[in-house]
Amino acid sequence: EVRLVESGGGLVQAGESLRLSCEASGFDFEDYVICWFRQAPGQEREGISCIAGSDGSTHYLDSVKGRFTISSDRAKSTVYLQMSSLKPEDTATYYCASRAGIIVNNLSPSWYDYWSQGTQVTVTS
């Protein structure tokens, strides 16, 4: 059974940092791409960043480049999203998702097969 379990959300002030974790199980980590998405109330789900389990190649949404960093620990089958200089507009429910393959530049939610339960990130001004 494929499972994605994320953790690390919370309440922070603008300018602070937060790290999300997504632990994967039930599939070969190296054969999948894992991405981070977010969805704010009343808005569509938005792809933020992806990483390939095979070689660690990455892709980012332009608006988070320089503030967010995606990384992975293959030994732990875990992907991280380090978020820095957080802004109130980063407030959303954050999800990780996966799909078999190596394509990292597809940020469309419909492309991904497996999803985590979501964790809330709230940034106050």
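Quick look at the structure, then.

What counts, and at which threshold
Numbering of residues starts from 1 in each chain and follows the order in which that chain's sequence is written. Note on the predicted model: pLDDT of at least 70 is required for a residue's local features to be given, and 80 or more for side-chain atom pairs to be given and counted; whole-chain, interface and lining totals, by contrast, use all residues. By convention in this description, side-chain values take in all heavy atoms of the structure and omit both hydrogens and water. Secondary structure follows DSSP: runs of H or I at least 4 residues long count as helices, runs of E at least 2 residues long count as strands, and numbering of each begins at the N terminus. Computation of the radius of gyration draws on C-alpha atoms, with the globule rule given as 2.2 Å multiplied by the number of residues to the power 0.38. Residue exposure (1.4 Å probe, protein chains only): buried if accessible area is under 20% of the type maximum, exposed if over 50%, otherwise partly exposed. Working rule for contacts: check all heavy atoms of both residues, and any pair within 4.5 Å makes them a contact. Accessible surface area values rest on a Shrake-Rupley calculation with a 1.4 Å probe, where residue burial reflects the displayed protein chains alone. Two residue types count as positive, namely Lys and Arg, and two as negative, namely Asp and Glu; His and chain ends fall outside the count. Charge placement uses NZ in Lys and CZ in Arg. For Asp and Glu, CG and CD serve respectively. The term disulfide is used for any two cysteine sulfur atoms that are within 2.5 Å. Paired strands are those between which DSSP finds at least two bridges. All axes are obtained by fitting lines to C-alpha atoms, using only the stretch in contact for helices, and the reported angles, taken between N-to-C directions, cover 0 to 180 degrees. The salt bridge criterion pairs a side-chain nitrogen of Lys or Arg with a carboxyl oxygen of Asp or Glu, the two atoms within 4 Å.

1. Concerning the overall build of the protein
Then, in step 1: Along the protein, the regular secondary structure elements total 0 helices and 11 strands.
Then, in step 2: Mapped in sequence order, the helices and strands of the protein form the string β-β-β-β-β-β-β-β-β-β-β.
Then, in step 3: Rg of the C-alpha trace for the protein: 13 Å, near the compact-globule value of 14 Å for 125 residues, within the 12% margin.
Then, in step 4: Expressed as lengths along the three principal axes of its C-alpha atoms, the size of the protein is roughly 40 × 30 × 25 Å.
Then, in step 5: Every one of the 125 residues in the protein was classed for burial, and the buried ones make up 43%.
Then, in step 6: Partitioning the contacts of the protein with sequence separation of at least 6, the portion at a separation of at least 24 is 59%.
Then, in step 7: About 6200 Å² of surface is accessible on the protein, with carbon and sulfur atoms providing 43% of the total.
Then, in step 8: Both charge centroids of the protein, one from 10 positive and one from 15 negative side chains, sit 3 Å from each other.

2. Some points on the state of the cysteines
Then, in step 1: Under the definition given, this model contains 2 disulfides.
Then, in step 2: Across the disulfide, C22 is cross-linked to C96 (sulfur-sulfur distance 2.1 Å). Looking down the S-S bond of the C22 and C96 bridge, the torsion is 75 degrees, so its handedness is right-handed. Separated by 74 residues along the polypeptide, C22 in strand β3 (residues 18-25) and C96 in strand β9 (residues 92-100) bring together distant segments of the chain. Just as C22 is buried, C96 falls in that class too.
Then, in step 3: Sulfur-sulfur distance for the disulfide between C35 and C50 comes to 2.0 Å. Where C35 bonds to C50 through sulfur, the torsion about that S-S bond is close to 110 degrees, and the disulfide is right-handed.

3. Side note on the sheet that holds strand β1 (residues 3-7)
Then, in step 1: If you walk across this open sheet you meet the 4 strands as β1-β3-β8-β7, and the pairing is antiparallel. At either end of the open sheet lies a strand with only one pairing partner, and these are β1 and β7 (68-73). Neighbour to neighbour, the strand axes of the sheet diverge by 20 degrees on average, direction disregarded.
Then, in step 2: Relative to β3, β1 runs antiparallel, the two being bridged by 5 bridges. By the bridge assignment for β3, S7 is matched with S21.

4. Notes on the pattern of salt bridges
Then, in step 1: Taken as a whole and judged by the stated rule, the model has 5 salt bridges.
Then, in step 2: Between R38 and D90 there is a salt bridge, with its nearest N and O atoms 2.9 Å apart. Placement of R38 in strand β4 (residues 32-39) and of D90 in the loop between β8 (78-83) and β9 is noted, with a sequence separation of 52 residues between them.
Then, in step 3: With its nearest N and O atoms 3.1 Å apart, the salt bridge here joins K65 to D62.
Then, in step 4: Take K65: its relative accessible area is 48%, and that puts it in the partly exposed class.

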